[in-house]
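Residue strings, one per chain:
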Amino acid sequence: CHAPGGVGPGDWTDPETAKTNAFVMNVYVQAGKMPYPAADPTCRDYEGSHRLHLTDAEKALFQAWVDADAPLGDEAERTPGLSVPDLSLDDTDITLTPFESHEVSVGEDRNEYWCVVLDNPLTETRYVTGLDVDIDNRQAVHHLLLAIDYGGDAGIEYGTDGKQRSFACPDPIVESDWMLLHAWAPGMEAVEFPEGVGLKVEPGQQLVLQYHYYDDDPSTPTGSDQSGYRLRTTDSVEVEAQMSAVGPTRFNITAGEPAYSAADKLRNEWGDITVYGVFPHMHLLGKSMRSWIGKSGEEDVCLIGGGYDFGAQMTYMFKEPAIWPQGYNLNVECTWDNSAESPYQYNDPPQNVTFGEGSDEEMCFALFYYAFAG
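Residues numbered from 1 in each chain as written. Predicted model: local features only at pLDDT ≥ 70, side-chain atom pairs only at ≥ 80, totals over all residues. Heavy atoms only, no water.

On to the sheet that holds strand β20 (residues 329-336), then. Taken in spatial order, the four strands of this open sheet run β15-β20-β17-β18, and their pairing is antiparallel. Both edges of this open sheet fall to β15 (260-267) and β18 (301-304), since each of them pairs with a single strand only. Taking each pair of neighbouring strands and ignoring which way they run, the sheet shows an average axis angle of 20°. The pairing of strand β17 (residues 286-294) with β18 spans three bridges and is classified as antiparallel. From the neighbouring strand, S291 faces β18, where its bridge partner is I304. (Pairing = 2+ DSSP bridges. Helix = DSSP H or I, 4+ residues; strand = E, 2+ residues; numbered from the N terminus. Axes fitted to C-alpha atoms, helices over the stretch in contact; angles between N-to-C directions.)

Turning our attention to the packing of helix α2 (residues 22-30) against helix α4 (residues 56-67). Put simply, α2 and α4 touch, their axes get as near as 10 Å, and they point 155° apart. Between α2 and α4, the interaxial angle falls into the category roughly antiparallel. For α2 against α4, the interelement crossing comes out left-handed. On α4, the residues that touch A22, F23, M25, N26, V29 and Q30 of α2 are K59, F62, Q63, W65 and V66. Taken together, the residues that form the contact of α2 with α4 break down as seven nonpolar, three polar and one charged. (Parallel < 35°, antiparallel > 145°, perpendicular 65-115°, else oblique. Left-handed = near helix turned anticlockwise from the far one by under 90°. Contact = heavy atoms within 4.5 Å. Nonpolar A, V, L, I, M, F, W, Y, C, P; charged D, E, K, R; others polar.)

This brings us to α2. Every buried residue belonging to α2 is among A22, M25, N26 and V29, and all of these are buried. Seen along its axis, α2 keeps its buried residues to an arc of 100°; they face one direction. Its buried side turned inward, α2 meets α1 (15-20) and α4. Residue G32 follows α2 closely and has a positive phi angle near 75°. (Buried < 20%, exposed > 50% of the residue type's maximum accessible area, 1.4 Å probe, protein only. Arc of directions from axis to C-beta.)

Nonpolar side chains in soluble globular proteins generally cluster together in the buried interior. Core analysis: the largest hydrophobic core is formed by 56 residues, its most contacted members being L131, L144, Y229 and Y369. Ignoring anything within four residues of it in the chain, the contact list for L144 reads V133, I135, H182, A183, W184, L209, Q210, Y211, S227 and Y229. Core analysis: the second largest hydrophobic core is formed by 31 residues, V275, M289, V353 and C364 among them. (Core = buried A, V, L, I, M, F, W, Y, C linked by side-chain atoms within 4.5 Å.)

Moving on to the environment of I148. Along the polypeptide, I148 turns up in strand β5 (residues 141-149). On the basis of relative accessible area, I148 is assigned to the buried category, the value being 0%. It is 25 Å that separates the C-alpha atoms of I148 and V332, two residues lying 184 residues apart in sequence. If sequence neighbours within four positions are ignored, I148 has contacts with D177, W178, M179, L181, K200, V201, Q205, Q206 and L207.

Two aromatic rings, taken as a pair, are described by how far apart their centres are and by the angle between their planes. Counting across every chain of the model gives twelve aromatic pairs. Judged by centre distance (6.0 Å) and plane angle (35°), the ring pair of Y158 and F167 falls under tilted. The class of Y158 is buried, set by a relative accessible area of 13%. Taken together, a centroid distance of 6.2 Å and an interplanar angle of 80° make the contact between F251 and F355 edge-to-face. Here F355 lies in the loop between β21 (353-354) and β22 (364-372) and F251 lies in the loop between β13 (239-246) and β14 (252-253), a separation of 104 residues in the sequence. R44 extends its terminal NZ or CZ atom over the ring of F318, reaching a point 5.8 Å from the ring centre. Positioned above the aromatic ring of F99 is the side chain of R165, whose terminal nitrogen or guanidinium carbon lies 4.2 Å from the ring centre. (Phe/Tyr/Trp six-rings, centres within 6.5 Å; stacked < 30°, edge-to-face > 60°. Lys NZ or Arg CZ within 6 Å of the ring centre and 35° of its normal.)

Let us look at the sheet that holds strand β6 (residues 166-168). Taken together, the five strands give an open sheet; going across it, the order is β6-β3-β10-β5-β7, and neighbouring strands pair in antiparallel fashion. Of all the strands in the sheet, the pair left with one neighbour each is β6 and β7 (178-184). When strand polarity is set aside, the average angle formed by the axes of neighbouring strands in this sheet is 20°. Where β5 and strand β10 (residues 206-214) come together, eight bridges link them in antiparallel fashion. Among the inter-strand pairings, I148 is bridged to a residue of β10, identified as L207.

Once that is clear, we can look at the state of the cysteines. One pass over the structure, following the stated rule, counts three disulfides. One disulfide in the model links C43 with C302; its S-S distance is 1.9 Å. One disulfide, between C43 and C302, carries an S-S torsion of -105° and so falls in the left-handed class. Residue C43 is found in the loop between α2 and α3 (49-52), and its partner C302 is found in strand β18; the two are separated by 259 residues along the sequence. Note on C302: relative accessible area 31%, which makes it partly exposed. The disulfide that involves C115 links it to C169, with 2.2 Å between the sulfurs. Taking the torsion about the S-S bond as the criterion, the C115 to C169 disulfide, at about 95°, is right-handed. Of this pair, C115 sits in strand β3 (residues 111-118) while C169 sits in the loop between β6 and β7, placing them 54 residues apart in sequence. Considered together, C115 and C169 belong to a single accessibility category, that of buried residues. (Disulfide = S-S within 2.5 Å.)

Quick look at the structure:
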């Protein structure tokens, strides 16, 4: 983030800049605000966890460096090959770009939902093994959803005739015949599947990209946006993955409550399932999420646990996939901070908040990548 071209301020790859800002950096590190709150890898380790989670020993090392007046290291002792990682996919073969730019226009509630039917360039069946995004207007994009509309009539459940290339799509969240391929939110890195695993996409299938835009000040122009996707594909895989969501939709987060929780569960009635990763999604008041596989009388299998921050959302791809056995429940629990001190509080004074798509409403969904085992 804090490098040339990164989304964060400052260039911490410059030694003198890092030394000058060491005290401020340490304040954020010790307060647990940098890196942003993320899933705890001791629950289930995931790709990139070393970048997203600091151990107590690492925090102590950073504190000791600052206490010593942030001395610079000896260039001769620099670890060979140490460099700022490029976290984008550099081997994509398909680019999905909307046919035109959209002029963002949020309503009084500060939200806009806009959907675009993308050109499907495929001439043969392909399997998506990696996904990345090209975000055009980072100030406005709250989330993206990439989906296949199996009915080929995207927009019909939003009141259109099902033949429009673009349309407003505020409600429902997604159409009933959409299968999600990916969800993106601010802070997310590229998603890569394990070797031999991918999402199936066929020629002629209708690809839909849903945009959720959010602007704190609807009285000023937000600008235009033409964000799109880049995919890495292959002609065959051993395992065909899918995406689905679990989470509660009936909750009323009490005004002033610093730790309000709600939960939901889904029983596996279909056969053993392999879970490859999860994208926890909440909105601005989100504080933490945990998910686990369990059955009465059995030891729970932890999937995710730890802090959540709206500004740094991630899809956590597990280093070792989890097995969700038939007959077991997959549980999801979210906790919100609806106090006046909540860092993203959008009501003054705090108000009761219920489920909704808007950024000034709340969600609790864990979107899982999975496949049927065997």
